[in-house]
Amino acid sequence: MRQAYWLDLRLFVWKVAPHAGAILAALLASTVVFEISGAWPGATFLELFVRAFYMMILEAVDSTGPWYLGIFVFILPVLGLLFAAQGLVGATVLFINKSQRQGEWSAVVAATYSQHTIVCGLGQLGDTLCDGLREAGNRVVGVDVNEHLPPVVKARQGGIPVIIGDMTLPQTLKEAGVGQAWCVVMCSGDDLANIEAAILAKELNSSATVYARVFKKSLADRISEALRFDIVTFSPYSTAAKMILSQMSTDRPANAADAKKG
């Protein structure tokens, strides 16, 4: 619960920060104009900044400078109110309509992540990967084309942001934060789409570790050798078979091996 509160706070700050920056920029620009005009001789830059702030919050400020400084009495309050209202309204709408605007919410959450893992294709394999990574405490962003897919709904209910879109398009991967991700896994049911998306992910973030699921093991090996990018291809069926064989050899009774020799 505490983690959810911290995430909400980060999202609120992330949403409001650009508008707060615009207010600060307006105040600094006004302060520079005041300093150049010489309206308050001997006043420091900080004192002029405070006067600009007073103007913005409609506090009375005496001025002996040029006539045009009076314009700031009207402009600064309007700019301050406009920027503050845009930031607060935008953040409020995002939080109130969180359940109805999951796409935008997921994009906002993903934008705050770094060193996270992106899982593209939330089928059975992708769903399992998301669950395992989340349980291990890793930040995960999902990508899928079907917003109503049960694993997509489950992932969002569990706090995992899911971007709805084509993983072979740059915009989709950028919304998932591929530029800040440390690992990207392409595990949809389409081998060609997995390879295409894996190459794109490497082009967008050459330092990321990229995995691409390929159904046929021999094809996966050939693709790994042919690609100029450092992309790890894997066949889940080959991996599963090796795991089962390894488990069988471990669990096999010793007398079974002796019986076979006899």
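Residues numbered from 1 in each chain as written. Predicted model: local features only at pLDDT ≥ 70, side-chain atom pairs only at ≥ 80, totals over all residues. Heavy atoms only, no water.

Undergrad: Explain the overall build of the protein chain residue by residue, including any values.
TA: Helix and strand counts for the protein chain come out as eleven helices and six strands. Scored against the burial criterion, the 262 residues of the protein chain give a buried share of 36%. Once local pairs closer than 6 in sequence are excluded, the contacts in the protein chain between residues at least 24 apart make up 55%. (Helix = DSSP H or I, 4+ residues; strand = E, 2+ residues; numbered from the N terminus. Buried < 20%, exposed > 50% of the residue type's maximum accessible area, 1.4 Å probe, protein only. Contact = heavy atoms within 4.5 Å.)

Undergrad: Would you mind going over the nonpolar core in detail, with residue names and values included?
TA: Within the largest apolar cluster, 27 residues are counted, with the highest numbers of intra-cluster contacts made by Ile118, Cys120, Val184 and Met186. Those elements that provide at least two residues to this core are helix 4 (102-111), strand 1 (117-120), strand 2 (140-144), strand 4 (183-186), helix 8 (191-204) and strand 5 (209-213). Among the elements that make up this core, the one with the highest residue count is helix 8 (six residues). (Core = buried A, V, L, I, M, F, W, Y, C linked by side-chain atoms within 4.5 Å.)

Undergrad: Residue-level account of helix 6 (residues 150-157), with values.
TA: If you check which residues of helix 6 are buried, you get Pro151, Val152, Ala155 and Arg156. Down the axis of helix 6, the smallest arc covering the buried residues is 135°, so these residues share one side. Across from the buried face of helix 6, at angles greater than 90 degrees, the exposed residues are Pro150 and Gln157. Just downstream of helix 6 lies glycine 159, where phi reads positive at about 95°. (Arc of directions from axis to C-beta.)

Undergrad: An account of the environment of valine 153 is requested, with residue identities and associated values reported.
TA: Here valine 153 lies in helix 6. If we skip the residues at most four places from it in the chain, valine 153 touches Glu147 and His148.

Undergrad: So what's going on with the sheet that holds strand 2? Which residues, and what values?
TA: Reading across the sheet, the six strands line up as 3-2-1-4-5-6 and stay open at both edges, with parallel pairing between neighbours. Only two strands of the sheet have a single neighbouring strand rather than two, namely strand 3 (162-164) and strand 6 (231-234). The average undirected angle you get between the axes of adjacent strands in this sheet is 20°. Two elements, strand 5 and strand 6, share four bridges in a ladder whose sense is parallel. (Pairing = 2+ DSSP bridges. Axes fitted to C-alpha atoms, helices over the stretch in contact; angles between N-to-C directions.)

Undergrad: Mind laying out the pattern of salt bridges, listing which residues take part and the relevant values?
TA: For the structure shown, the criterion picks out five salt bridges. A salt bridge links aspartate 127 to lysine 154; the shortest N-O distance between them is 2.9 Å. Here aspartate 127 is found in helix 5 (residues 124-135), whereas its partner lysine 154 is found in helix 6, with 27 residues between them in sequence. Where glutamate 147 meets arginine 156, a salt bridge forms, and the shortest distance between an N and an O atom there is 3.2 Å. You can call glutamate 147 partly exposed: its relative accessible area is 36%. If you follow the salt bridges from partner to partner, you end up with Asp127, Asp131, Arg134 and Lys154 in one network. (Salt bridge = Lys/Arg side-chain N within 4 Å of Asp/Glu carboxyl O.)

Undergrad: Now, about a nonpolar patch on the surface: what can you tell me, with residues and values included?
TA: A cluster of nonpolar side chains, Leu24, Leu28, Val32, Ile36 and Phe45, forms an exposed patch at the surface whose accessible area comes to about 450 Å². Broken down by element, the residue count for the nonpolar patch peaks at four residues, all from helix 1 (residues 2-37). Note on placement: leucine 24 falls in helix 1. (Patch = residues over 30% accessible without salt bridge, like charges linked within 9 Å, V, L, I, M, F, W, Y side chains within 5 Å. Areas by Shrake-Rupley, 256 points an atom, 1.4 Å probe, with all protein chains shown as cover.)

Undergrad: Mind laying out the packing of aromatic side chains, listing which residues take part and the relevant values?
TA: All told, the structure shown has one aromatic pair when counted by the stated rule. Here the aromatic rings of phenylalanine 53 and tyrosine 54 are separated by 6.5 Å at their centres, their planes lie at 45°, and the arrangement is tilted. Its relative accessible area of 39% is what places phenylalanine 53 among the partly exposed residues. (Phe/Tyr/Trp six-rings, centres within 6.5 Å; stacked < 30°, edge-to-face > 60°.)

Undergrad: Explain the environment of lysine 202 to me, and be specific about the residues and the numbers.
TA: Take lysine 202: it is sitting in helix 8. On the basis of relative accessible area, lysine 202 is assigned to the buried category, the value being 7%. With 28 residues separating them along the chain, lysine 202 and aspartate 230 place their C-alpha atoms 8.1 Å apart.

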